[in-house]
Amino acid sequence: MFKILKYSFFDLMRSSWSYVYFAFYLLLGIVLLFLNNDLSKAVITLMNVIIVLVPLIGTIFGVMYYYNSKEFTELLLAQPLKRSSIFLGQYLGVAISLSMSLILGLGLPFIAYGLFKSNAIWDFSLLLIVGMFLTFIFSALAFNIALSNENRIKGFGYAILMWLFLAIIYDGLFLMSLILFEDYPLDKVSLIGTMLNPIDLSRTLILLKLDISALLGYTGAVFKQFFGTNFGLIISLFALLIWVALPVIRIVLKSKRKDF
Amino acid sequence: MKIRLCILLFLITTYFAAAKTITVCEAGCDFNRIQTAVDSSKSGDHIFIKKGLYKESNIIIYKKSLHITGEEGTIIDTQQNGYGFSVEATDIVIKNLIIKNIEISYTKEYAAILLFKSYDFVIENITVENAFFGFLIQKSKDGLVHNNTISGEGKAEADSGNAIHLWHCENVNITNNDVRRMRDGIYLEFGSNSYISNNYSTGNMRYGLHFMFSNENTYENNTFEANGAGVAVMFSKKIKMFNNVFKKNWGTASYGILLKEINDAELKHNIFEDNTIGINADGTNRITYTANTFKNNGYAIKVHGACYDNIYSKNNFLYNSFDLSYSGNLNSNKFENNYWSNYTGYDLDKNGIGDIPYRPVKLFSYLVNRTPESIVLLRSLFIDIIDFSEKVSPVFTPENLIDNQPLMTLVTW
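Here the structure is a predicted model, which means the values were calculated and not measured.

(A) Focus on the overall build of chain B. When its secondary structure is counted, chain B shows four helices and 37 strands. Burial analysis of chain B (413 residues in total) assigns 54% to the buried set. Summarising the internal contacts of chain B: among those between residues at least 6 apart in sequence, 47% fall at separations of at least 24. Of the charged side chains in chain B, 39 are positive and 44 negative, and the gap between their average positions amounts to 5 Å.

(B) Inspection of the overall build of chain A at higher detail. For chain A, the helix and strand inventory stands at 12 helices and zero strands. When the elements of chain A are put in sequence order from the N terminus, they spell out α-α-α-α-α-α-α-α-α-α-α-α. Its C-alpha atoms give chain A a radius of gyration of 20 Å, near enough to 18 Å, the size a compact globule of 260 residues would have. Dimensions of chain A, computed from C-alpha atoms along their principal axes, come out at roughly 60 × 45 × 30 Å. Relative to its 260 residues, chain A shows a buried fraction of 54%. As displayed, chain A offers around 12300 Å² of accessible surface, 71% of which is attributable to carbon and sulfur atoms. Side chains of chain A carry 19 positive and 13 negative charges; the gap between the two charge centres is 11 Å.

(C) Region of the structure containing the environment of D77 of chain B. Residues and elements named next belong to chain B. Mapped onto the secondary structure, D77 falls in strand β6 (residues 74-77). Among the residues examined, D77 registers a relative accessible area of 11% and is labelled buried. As for D77 and K55, which are separated by 22 residues in sequence, their C-alpha atoms are 4.8 Å apart. Setting aside chain neighbours within four positions, we find D77 in contact with L53, Y54, K55, E56, K100 and N101.

(D) Molecular detail of the state of the cysteines. Residues and elements named next belong to chain B. Summed over the entire model, instances satisfying the criterion amount to one disulfide over all chains. Shown here is the disulfide that connects C25 with C29, its sulfur atoms set 1.9 Å apart. The sign of the S-S torsion, about 100 degrees, decides the handedness of the disulfide formed by C25 and C29: right-handed.

(E) Representation of the interface of chain B and chain A within the structure. The interface is formed by 30 residues belonging to chain B together with 35 residues belonging to chain A. Of the roughly 2900 Å² buried where chain B meets chain A, counting both sides, 69% is carbon and sulfur surface. By the criterion of area lost to chain A, the three top residues of chain B are E373, V376 and R379 of chain B, representing 24% of everything that side buries. Applying the counting criterion to the chain B and chain A interface returns one salt bridge. With a shortest N-O distance of 3.3 Å, R370 of chain B and E182 of chain A are connected by a salt bridge. For the pair chain B and chain A, the number of links is six residue pairs in polar contact (both at pLDDT 80 or more). Looking at the side of chain B that touches chain A, the elements with two or more residues in it are α3 (363-370) and α4 (381-392) of chain B. Per-element tally for the side of chain B that touches chain A: the top contributor is α4 of chain B, with six residues. Of the residues that constitute the side of chain B that touches chain A, the class distribution is 13 nonpolar, 12 polar and five charged.

(F) Summary view of the packing of aromatic side chains. Within the structure shown, the criterion is met by 32 aromatic pairs over all chains. Arranged with centres 6.5 Å apart and planes meeting at 25 degrees, the rings of Y66 of chain A and F87 of chain A form a pair that is stacked. With Y66 of chain A in helix α3 (residues 39-68) and F87 of chain A in helix α5 (residues 83-113), this residue pair connects regions lying 21 residues apart in the sequence. With centroids separated by 5.2 Å and ring planes inclined at 15 degrees, the aromatic side chains of F190 of chain B and F213 of chain B adopt a geometry described as stacked. One end of the pair, F190 of chain B, is in the loop between β17 (186-189) and β18 (195-197); the other, F213 of chain B, is in the loop between β20 (209-212) and β21 (218-220), with 23 residues separating them in the sequence. A relative accessible area of 40% means that F213 of chain B is categorised as partly exposed. Through a chain of ring-to-ring contacts, the aromatic side chains of F211, Y219, F224, F246, F272, F294, F317, W340, Y343 and Y358 of chain B assemble into a single cluster. Positioned over the ring face of Y187 of chain B is R206 of chain B, at 6.0 Å from the centre of the ring. Above the plane of the ring of Y299 of chain B lies K302 of chain B, whose end atom (NZ or CZ) is 4.5 Å from the centre.

(G) Local environment of the UniProt feature "transmembrane region" (unreviewed entry) in chain A. All names here are of chain A. Under the present numbering, the feature "transmembrane region" (unreviewed entry) in UniProt falls on residues 20-36, 42-67, 88-112, 124-147, 159-181 and 231-253. The distance from the first to the last C-alpha atom of residues 88-112 is 35 Å, and the span holds 100% helix and 0% strand. With 100% helix and 0% strand, residues 124-147 has its two end C-alpha atoms placed 34 Å apart.

(H) Spatial organisation of the sheet that holds strand β23 (residues 231-237) of chain B. Residues and elements named next belong to chain B. Strands sit in the order β4-β7-β9-β11-β14-β17-β20-β23-β26-β29-β32-β35 across an open sheet of 12 strands; the sheet is parallel. Only two strands of the sheet have a single neighbouring strand rather than two, namely β4 (59-62) and β35 (322-326). Each strand axis lies, on average, 10 degrees off the axis of its neighbour in the sheet, ignoring direction. Here four bridges tie β17 to β20, and the two strands are oriented parallel to one another.

(I) Up close: a negative patch on the surface. On the surface, D91, D120, D142 and E170 of chain B cluster together to form a negatively charged patch. Tracing the sequence through the fold places D120 of chain B in the loop between β9 (111-116) and β10 (121-131).

(J) Region of the structure containing the side chain of T293 of chain B. Residue and element names in this part refer to chain B. If you trace the backbone, T293 turns up in strand β31 (residues 293-295). Within the structure, the side chain of T293 is placed 3.3 Å from the side chain of N316, a separation counted as a polar contact. Each residue touching T293, except ones within four places of it in the same chain, is listed here: N270, I271, F272, N316, L318 and W413.

(K) Up close: the pairing of strand β26 (residues 255-263) of chain B. Residues and elements named next belong to chain B. Burial runs high along β26: seven of the nine residues are buried. Two elements, β26 and strand β29 (residues 277-285), share seven bridges in a ladder whose sense is parallel. From the neighbouring strand, L259 faces β29, where its bridge partner is A281.

(L) Region of the structure containing the confidence of the model for chain A. A residue-level look at chain A finds 97% of positions with pLDDT of 70 or above and a mean pLDDT of 86. Between the elements of chain A, mean pLDDT differs from a low of 71, seen in helix α10 (residues 212-215) of chain A, to a high of 94, seen in helix α7 (residues 152-180) of chain A.

(M) Representation of the pattern of salt bridges. Residue and element names in this part refer to chain B. Evaluated as defined, the whole model comprises 10 salt bridges over all chains. Note that D264 is salt-bridged to R286, the shortest N-O span being 2.8 Å. Of this pair, D264 sits in the loop between β26 and β27 (266-268) while R286 sits in the loop between β29 and β30 (288-290), and the two are 22 residues apart along the sequence. Classification of D264 by relative accessible area gives partly exposed; the value is 32%. In this structure, a network of salt bridges that share partners links the residues K260, E261 and D282.

Calculation rules
- Residues numbered from 1 in each chain as written.
- Chains lettered and ligands numbered in written order.
- Predicted model: local features only at pLDDT ≥ 70, side-chain atom pairs only at ≥ 80, totals over all residues.
- Heavy atoms only, no water.
- Helix = DSSP H or I, 4+ residues; strand = E, 2+ residues; numbered from the N terminus.
- Buried < 20%, exposed > 50% of the residue type's maximum accessible area, 1.4 Å probe, protein only.
- Contact = heavy atoms within 4.5 Å.
- Lys, Arg positive; Asp, Glu negative; His and termini not counted.
- Charge placed at Lys NZ, Arg CZ, Asp CG, Glu CD.
- Rg over C-alpha atoms; globule rule 2.2 N^0.38 Å.
- Areas by Shrake-Rupley, 256 points an atom, 1.4 Å probe, with all protein chains shown as cover.
- Disulfide = S-S within 2.5 Å.
- Buried area = accessible area lost by both parts, 1.4 Å probe.
- Salt bridge = Lys/Arg side-chain N within 4 Å of Asp/Glu carboxyl O.
- Polar contact = N/O pair within 3.5 Å; in protein donor to acceptor, adjacent residues only side chain to side chain.
- Nonpolar A, V, L, I, M, F, W, Y, C, P; charged D, E, K, R; others polar.
- Phe/Tyr/Trp six-rings, centres within 6.5 Å; stacked < 30°, edge-to-face > 60°.
- Lys NZ or Arg CZ within 6 Å of the ring centre and 35° of its normal.
- UniProt positions renumbered as here; feature names shortened; annotations may be inferred.
- Pairing = 2+ DSSP bridges.
- Axes fitted to C-alpha atoms, helices over the stretch in contact; angles between N-to-C directions.
- Patch = residues over 30% accessible without salt bridge, like charges linked within 9 Å, V, L, I, M, F, W, Y side chains within 5 Å.
- pLDDT = per-residue confidence, 0-100.

What follows is the structure, encoded as structure tokens:
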């Protein structure tokens, strides 16, 4: 598995897309910090970017990489190798190289700006951790979609649709249902609702740091326990781990049975 | 004439002859108990209490002008028995003492120092530990409460008292005090012309500072941090609030300031940071909010109904989750020349004022008012989209609630 991981990783490192991705984050970080001069505002803008763009890029990269390296995969399958290690190796190669571009691209300008001396370091590292989680989750979801669809166009279509659903449509439906059932106690429902969407989940994690004062304005014991203590942080991180684990398990199961 | 002069001279000499210093200590001084020293003193005497632990309570000073000072380390332990000092006198000074363990009562307001109908009083450098009430000052005038530290151990609002409680008082200066873990930090009830400055009020269960029916008071340069419900100014007129810091008041009913039925007040150069609600205004008229900074609050300002002729100008609204939540009609309240960190407009003519107006009320704050649980969707992309569409064509938010001249740069003072 590690050989394939290494191969995929260096293959991606050599491809121009990784550099584009890295350059994009580098530029974003520099623009935010050096034209803005305000770390807390930069962290908020960055949060919006990470929550929307990281899943999108993870999804597209995942699908693209799978379809592009399909012939090579078929060649590998002819060798005496475990199927799970081939696919997991490829998946981890994609996810790790994307995460590295993200961390280096954003980390370098922030370090140059003097992050270690500022007390925004925790907010910032939380942002990077959440970005990494999102990369892992969405590239795994992309691999799942690609594994299930032989047709590239269809695969791409589903992948983009999935991103669109989780990033925007889900919140719309969520809000509508909250308003529709506003006569009922909704605090548990709304917290469970955020758990079911990795993007909402990461947003909640960041909100716990940035907007805690607003979140505590709502009268509800469940909310208060969730947002007012470390309980929320632990639960959210745990849910993110589950969100990584489930699609990865499905990759393993699906690849075992797939006919090439 | 000569006789009169003689009498005057006689009076002056007797007065000065009588003004002596009485010392109190455990052994070897004039007295070993404070109460006996007080009883045998005359008006104008100084009582000097030497270092030591005095297990006394309910020390009564009645119609005697005394200057009571303690040495460093003078401790009065009331042993959970009534008041520390109970005073009714003019020209009274109490200084440099530590008073401990005030009795908790559900029917009486036991305090470390109770002043009743006392004029020209000074309470200075007093440390009250484990207090029920700290200083309870009633029907008094022209006093100074300076440099005191009061802390309590109450668990709930019912079994704790106020650190500095003024009832029907006039012209009292409350400066440089540190009050913590009480019910109210400083409470003015029917008080007027008082001046409150440089105090630090934290960890109080109810309000850091509380005004009730108190007119024409000023408070400035105070810091209020992490109090149960912040600062409350209620049913009062002409209050001036300058240069105060309100921070970290978190909770469902927590505010930087709660303004309720307030007329003609002035807020200037205050800083509101990390509060759930910066200012909660309900029934306020003719208030000017000038050059305040609202930073990282949940809501910077929440306006309820019945507010008329309030003017918000030259304030900084920085990174609040919501800048403004507004119920009811605009009612000739004005927002002008504020700096909004969420403003996305431009300034083509370079006059420092944004060319397009800013709408401080977002659709999402309207939604959160209606369905509070939807707060979990804060900062989601979908919310940004509907906020944007509302900004373009307002349907739910008041149409004329706008800052027509938003500033492009921070207001500094």
